[in-house]
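One letter stands for each residue in the lines below.
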Amino acid sequence: MEDIKQKLIGDVKLPFKVILKRILNYFKSNKFQAFLAIFLVILSVGLDILVPLIYRRIVDGLNSNSIVLKMLIGGVLIYFTCFLVSQILRFLQTIVLQRLGNSVVYQMRMDTFEHIEKMSLDQFEVMPVGSLVTRVCSYTSQLSDLFTNQLSNLLRNILMVIGVFTVMLIISWKLSLMVLVIAVFVAFGSVLFKRRLSRLSRIEKGQLSDINTVLSEHLSGMKVVQLFNKEEKAISTLRKKNRDYTSTKYKIMSTFSFYRPFVIFAQYIGTALLFFFSASFALSAGSVVVFAWFLEKFFEPMQQISDQVLHIERAAMSAERLFNLMDVKPQVIDKPNAKEFNKFNGKIEFKDVWFSYDNKNWVLKGVSFVINKGETAAFVGATGAGKTTIFSLLTKAYVPQKGQILIDDVDINDIKISSLRAGIGQMLQDVFLFSGSVKSNITLFDNSYGDDEILDACKKVNADQFILKLPNALEEQVVERGENLSQGQRQLLSFARTILHKPQILLLDEATANIDTETEVLIQDSLEKMSSLGTMLVVAHRLSTIQKADNIICLQNGEIVEMGTHKELLKNKGYYYKLYKLQFKNK
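Residues numbered from 1 in each chain as written. Predicted model: local features only at pLDDT ≥ 70, side-chain atom pairs only at ≥ 80, totals over all residues. Heavy atoms only, no water.

Here the focus is the side chain of Glu349. As for its placement among the helices and strands, Glu349 is situated in strand E1 (residues 348–356). For the buried Glu349, which has no salt bridge, the nearest side chain bearing the opposite charge is Lys351, at an N-O separation of 4.2 Å. For Glu349, the residues in contact, after removing those within four places along its chain, are Phe369, Val370, Gln404, Ile405, Leu406 and Asp409. (Helix = DSSP H or I, 4+ residues; strand = E, 2+ residues; numbered from the N terminus. Buried < 20%, exposed > 50% of the residue type's maximum accessible area, 1.4 Å probe, protein only. Lys, Arg positive; Asp, Glu negative; His and termini not counted. Salt bridge = Lys/Arg side-chain N within 4 Å of Asp/Glu carboxyl O. Contact = heavy atoms within 4.5 Å.)

Now the structure itself:
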C-alpha cells in the first residue's frame, strides 16, 4: 500500500530511459509525421550550414584582384534561394510538429483520464483531487511543449553543433581543436547544471501539485472556510506553499543566470583565439568571417541546449508523475472469467463477510444475511457500525478480506463490474450534481432518453412537482454541485436518475437525512413506489421511514446484533427497541 501511495503522489523515481521509451510509444501511431519532422529538421540544418559557406565565397570574391560580376550575382542568388528554402522548411516543420505534438498529448491526456476513471475508491482517498487535475491538465500541457518545440529544437541544435564543427575542421583543424578544448569545459559545466536542475525540477513539481491541492480543497470548501472565519488561515497556508514554490523557481532561474554567461564567455574566448591565430594559420578574409560566424553557431546551440535540457527535465518530471499514476493498478478489477448479466432477480446474500479499510481494524465482522427477491431490507445502527460499508462492498467499490457476497446465488466476483453496477441503483445522502441542465443530470448526459420517459421517471418519485415549476423545466440550468437547488430537490433528482436507468436492486443511503418534513413526506411516498420496482436496501437513521421494511438488520460495531420486522424487533425489546424508544420518547 505504501508503494501505491508513493506512486499516486509521484515520488517513485523512474529511470530516464524508461520515461523516454514510454513517451516514444505514443509516436507509434504517428510514425510518418515523426520521420517527416526529422527529415525537415535535417534539411533545414544542412541549408543553415550551407548559407555561410556561400557567403564566404562571396567575401573572398570581393577581396580578389579579378572580380567576376556574374559569379557574384550567382552567389547572391544562391545565397537568398538557400535562405528562403530554409525558412520554408522551418514553416513546414512547425506545422508537422504542432500536429504531431497535439495528437500525442491528446492521447496521453485521454489515457490518463481513462485510467483515473478505472481507479478504485480507496485510491482516490490517497490522491487529492487537485493533484489529479494538475496531472491531467498542467503536466500534459508541459509535455505538449516538449513534443512541439523542445525535442525538435534539441535535435536541430545537436545536428548544428556536429555539422558546424565538421565544417570548422575543414576550414582550420588547428583552430577547431582549440575550440574543442573550450567546448569540453562547457560540456562539463552542462553536466553539473543538469544535475542541479533535475533536483530542483522534481521539487518544483511537488510544490506546484501542493498549491493546486490547497486551492482545490479551499475553493470546494469555501462555505466552511467563511462560516468559521478561517480565511486568514487559508491564506496563510497558501502563502507558505506559494513562498516555497517561488523560492524554488528563483533557484532555477539563478542557475540559468550563471550558466548562460558562462557559455557566452566561452564563445568570446573562441573568437579571440580566431583573431589572434588567423594570420598564423593563413586564413582568408572570407574564412575568418565565416569561422567567426560558425563559432557563434557552435556555441549558441550549446547555450540553447542548456535551456532545452531544463524543459526536457521538467517534461520528464511531468511524464514521470503521469506514469506513476498510470502504473497504479486498480485494486478492484474483473476476474478473467467474469460473466455479463443483463438483469438480476434481486436475491442478495452475505456469507460471513469480514472487511477492514486499513487491514488492521475490522469494520465488518462475520456479517451474514439473506434478502430475497423484491424484499425491502433496512440497516440501522450508530455511525461507524458498517451500514454504508455493506453498500460499498455490494457495488464492489471495495473487496472484503474474507467471506462471500452473492447476487442470485452467484458470487459477485464472477460478475463483471459493469454488469453489477448497471443492475444496482444507489442513492446517496450527499447527492452530486454536474454543471448542466436538470435533464442532463437525470440522464447523466445520455441522449437516448426522451422527455416523456424522463418525466415518467420523475413522476414515480414525485420529482416532477418541483421540476415543472422551474422556469425552464427540464432545461433549467444547474450550477456547480447543484447549489441553486435545495437538499430535498437534489435528492429527488437522484431518485429520478436512478429510476430512469431501471436497476433491479436499489440502495438508499440515508436518503431522508438533512431534509425538511414536507420533502420527507414526498420522499417517503417515493420510497413506497420504488419498493415495487425491485429489491431495496435502505440505510436510515429515521426509524419512521423503515417501519414497513420486510427485514430490519441492526448493526453494532460491525456485527449484526439482531434482525427481523419492525413489530418483531419491538417485541424482542433489544437494540432496535432502545433506538426506537430514544427517537419516539416524546410521542
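Now, onward.
Below, the discussion takes up the pairing of strand E3 (residues 376–380). Among the five residues in E3, five count as buried, and that is most of the element. Both faces of E3 are covered, namely the face carrying Thr376, Ala378 and Val380 and the face carrying Ala377 and Phe379. Bridge count between E3 and strand E11 (residues 551–556): four bridges; the pairing is parallel. Residue pairing across strands places Ala377 opposite Asn551, the latter belonging to E11. (Pairing = 2+ DSSP bridges.)

Quick look at unusual backbone geometry now. At Ala473, a residue that is not glycine, the phi angle is positive and equals roughly 50°. With respect to the helices, strands and loops of the structure, Ala473 is situated in the loop between helix H15 (464–467) and strand E8 (477–478). In this model, Asn557 sits at a positive phi of 55°, which is unusual for a non-glycine residue. Within the fold, Asn557 resides in the loop between E11 and strand E12 (559–564).

Counting buried positions over the eight residues of helix H11 (residues 387–394) gives seven, a clear majority of the element. Listed in full, the buried residues belonging to H11 are Lys387, Thr389, Ile390, Phe391, Ser392, Leu393 and Leu394. Looking one or two residues beyond H11, the residue adopting positive phi is Lys396, at roughly 60°.

This paragraph deals with the pattern of salt bridges. Scanning all chains against the criterion turns up nine salt bridges. A salt bridge links Lys439 to Asp451; its shortest N-O distance comes to 2.9 Å. Of the two residues, Lys439 sits in helix H13 (residues 438–443) while Asp451 sits in helix H14 (residues 451–460), which places them 12 residues apart along the sequence. Given the relative accessible area of 23%, Lys439 is considered partly exposed.

Summed over the entire model, instances satisfying the criterion amount to nine aromatic pairs. Summarising the aromatic geometry, the rings of Phe369 and Phe379 are spaced 5.4 Å apart at their centres and angled 65° between planes, so their arrangement reads as edge-to-face. Placement of Phe369 in strand E2 (residues 362–371) and of Phe379 in strand E3 is noted, with a sequence separation of 10 residues between them. Judged by relative accessible area, which is 0%, Phe379 ranks as buried. (Phe/Tyr/Trp six-rings, centres within 6.5 Å; stacked < 30°, edge-to-face > 60°.)

Take Val164: it is sitting in helix H6 (residues 129–171). By relative accessible area, which is 0% here, Val164 ends up buried. On a C-alpha basis, the gap between Val164 and Glu296 in space is 9.8 Å, while along the polypeptide they are 132 residues apart. Ignoring any residue separated from it by four or fewer positions in sequence, one finds Val164 in contact with Ile49, Phe294, Lys297 and Phe298.

This paragraph deals with the pairing of strand E4 (residues 402–407). For E1 and E4, the ladder comprises five bridges, and the chain directions are antiparallel. Across the sheet, Phe350 pairs through a bridge with Ile405, a residue of E4. Two elements, E4 and strand E5 (residues 410–411), share two bridges in a ladder whose sense is antiparallel. Paired with Ile407 across the bridge in E5 is Val410. Taking the residues that link successive antiparallel strands as the turn, the E4-E5 hairpin has two residues, and the phi of Asp408 there is positive, at about 55°.

Let's shift gears to a nonpolar patch on the surface. Taken together, Leu84, Ile88, Phe91, Leu92 and Ile95 make up a surface patch of nonpolar side chains, about 480 Å² in accessible area. With respect to the helices and strands, Phe91 occurs in helix H4 (residues 69–118). (Patch = residues over 30% accessible without salt bridge, like charges linked within 9 Å, V, L, I, M, F, W, Y side chains within 5 Å. Areas by Shrake-Rupley, 256 points an atom, 1.4 Å probe, with all protein chains shown as cover.)

The mixed open sheet is built from six strands, whose spatial order is E6-E9-E10-E3-E11-E12. Each of the sheet's edge strands pairs with one partner strand only, and the pair in question is strand E6 (424–427) and E12. If you compare each strand with its neighbour and ignore which way they point, the axes differ by 15° on average. The sheet contact formed by E11 and E12 spans five bridges and is antiparallel. Across the sheet, residue Cys554 finds its bridge partner in E12, namely Glu562. Strands E6 and strand E9 (505–509) of the sheet are contacted by helix H16 (residues 487–500), whose axis makes an angle of about 180° with E6. Along the sheet, helix H19 (residues 575–583) makes contact with E3, E11 and E12, crossing E11 at roughly 90°. (Axes fitted to C-alpha atoms, helices over the stretch in contact; angles between N-to-C directions.)

Let us now look at the packing of H14 against H16. In the contact formed by H14 and H16, the axes pass within 8 Å of each other and the chain directions differ by 120°. With respect to their mutual orientation, H14 and H16 come out oblique. Every pair of crossing elements has a handedness; the one defined by H14 and H16 is right-handed. On the side of H14, the interface is formed by Glu453, Ile454, Ala457, Cys458 and Lys460, while H16 contributes Ala496, Ile499 and Leu500. Partitioned by chemical class, the residues of the contact of H14 with H16 number six nonpolar, no polar and two charged. (Parallel < 35°, antiparallel > 145°, perpendicular 65-115°, else oblique. Left-handed = near helix turned anticlockwise from the far one by under 90°. Nonpolar A, V, L, I, M, F, W, Y, C, P; charged D, E, K, R; others polar.)

Moving on: the sheet that holds E5. Spatially, four strands are ordered E2-E1-E4-E5 in an open sheet, and the strand pairing comes out antiparallel. With one partner strand each, in any of the chains shown, E2 and E5 form the two edges of the open sheet. Relative to E2, E1 is paired through six bridges, and the arrangement is antiparallel. Bridge pairing in E2 places Phe355 opposite Leu364.

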